[in-house]
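Here's the letter readout for the chains.
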Amino acid sequence: MLQQKLGEGYIVALNLISSSPQWLTAIGARPMYLGLDLRGGVHFMLQVDMKAALDKAADRYLSDIRSLLREKKVLYAGIVREGQSVAIRFRDTAERDRANQEIGAAFPDLLVKEADADR
């Protein structure tokens, strides 16, 4: 009816017409109309506290690496977090090499650097 009254210069969008079947309308059921914010979609904006996320990841790696080394019975002298890094001290190079191998296998995405204690 709208198309006939308005003519060919307009497009009539029927997106708000009820698509309830006739039998449902006959028993008094009405369509649920959405608010304006839900008709066109919803826009979400997320903000991430990068420092807190990186701190939490470093804490998680510290705990996970400590557990891994204990599970694999790799001897280490200490493990601490230094900023966004995890530092592990070893008494000998054999244990350091074992730890390097185990950490590399368990956490392939981590960058492992070796440094002497006097540096």
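In the block above lies the structure referred to throughout.
Residues numbered from 1 in each chain as written. Predicted model: local features only at pLDDT ≥ 70, side-chain atom pairs only at ≥ 80, totals over all residues. Heavy atoms only, no water.

### Some remarks on the overall build of the protein
Working step 1: Assigned secondary structure in the protein consists of 5 helices and 2 strands.
Working step 2: Mapped from its N terminus to its C terminus, the protein presents α and β elements in the order α-α-α-α-β-β-α.
Working step 3: The burial tally for the protein puts 13% of its 119 residues in the buried class.
Working step 4: Partitioning the contacts of the protein with sequence separation of at least 6, the portion at a separation of at least 24 is 34%. (Helix = DSSP H or I, 4+ residues; strand = E, 2+ residues; numbered from the N terminus. Buried < 20%, exposed > 50% of the residue type's maximum accessible area, 1.4 Å probe, protein only. Contact = heavy atoms within 4.5 Å.)

### Some words on the environment of Glu95
Working step 1: Tracing the backbone through its elements, the reader meets Glu95 in helix 5 (residues 93–106).
Working step 2: The buried category is assigned to Glu95, whose relative accessible area is 15%.
Working step 3: Separated by 21 residues in sequence, Glu95 and Val74 place their C-alpha atoms 6.2 Å apart.
Working step 4: In contact with Glu95, other than residues within four places in its own chain, are Lys73, Val74, Leu75 and Phe90.
Working step 5: Within the structure, Glu95 has its side chain in polar contact with the backbone nitrogen of Leu75 (distance 2.8 Å). (Polar contact = N/O pair within 3.5 Å; in protein donor to acceptor, adjacent residues only side chain to side chain.)

### Side note on the pattern of salt bridges
Working step 1: Applying the stated criterion to the full structure yields 5 salt bridges.
Working step 2: The salt bridge partner of Glu95 is Arg98, with a shortest N-O separation of 3.3 Å. Here Glu95 pairs with Arg98, and both are found in helix 5, just 3 residues apart, close to one helical turn.
Working step 3: Given the relative accessible area of 32%, Arg98 is considered partly exposed.
Working step 4: Residues participating in the shared-partner salt-bridge network are Lys51, Asp55, Asp59 and Arg81. (Salt bridge = Lys/Arg side-chain N within 4 Å of Asp/Glu carboxyl O.)

### A look at a nonpolar patch on the surface
Working step 1: Taken together, the side chains of Val48, Met50 and Leu54 present a nonpolar region at the surface, about 300 Å² in accessible area.
Working step 2: For Val48, the position within the fold is in the loop between helix 3 (36–39) and helix 4 (50–71).
Working step 3: Judged by relative accessible area, Val48 falls into the exposed class, the value being 59%. (Patch = residues over 30% accessible without salt bridge, like charges linked within 9 Å, V, L, I, M, F, W, Y side chains within 5 Å. Areas by Shrake-Rupley, 256 points an atom, 1.4 Å probe, with all protein chains shown as cover.)

### Observations concerning the packing of aromatic side chains
Working step 1: In total, this model carries 1 aromatic pair according to the counting rule given.
Working step 2: Between Tyr61 and Phe107, the ring centres sit 5.8 Å apart and the planes meet at 85 degrees, which makes this aromatic pair edge-to-face. Of the two residues, Tyr61 is situated in helix 4 and Phe107 in the segment after helix 5; the sequence distance between them amounts to 46 residues.
Working step 3: Residue Tyr61 is classed as partly exposed on the basis of its relative accessible area of 26%.
Working step 4: For Phe107, a relative accessible area of 17% puts it in the buried group.
Working step 5: The ring of Tyr61 carries Arg60 above its face, with NZ or CZ at 5.6 Å from the centroid. (Phe/Tyr/Trp six-rings, centres within 6.5 Å; stacked < 30°, edge-to-face > 60°. Lys NZ or Arg CZ within 6 Å of the ring centre and 35° of its normal.)

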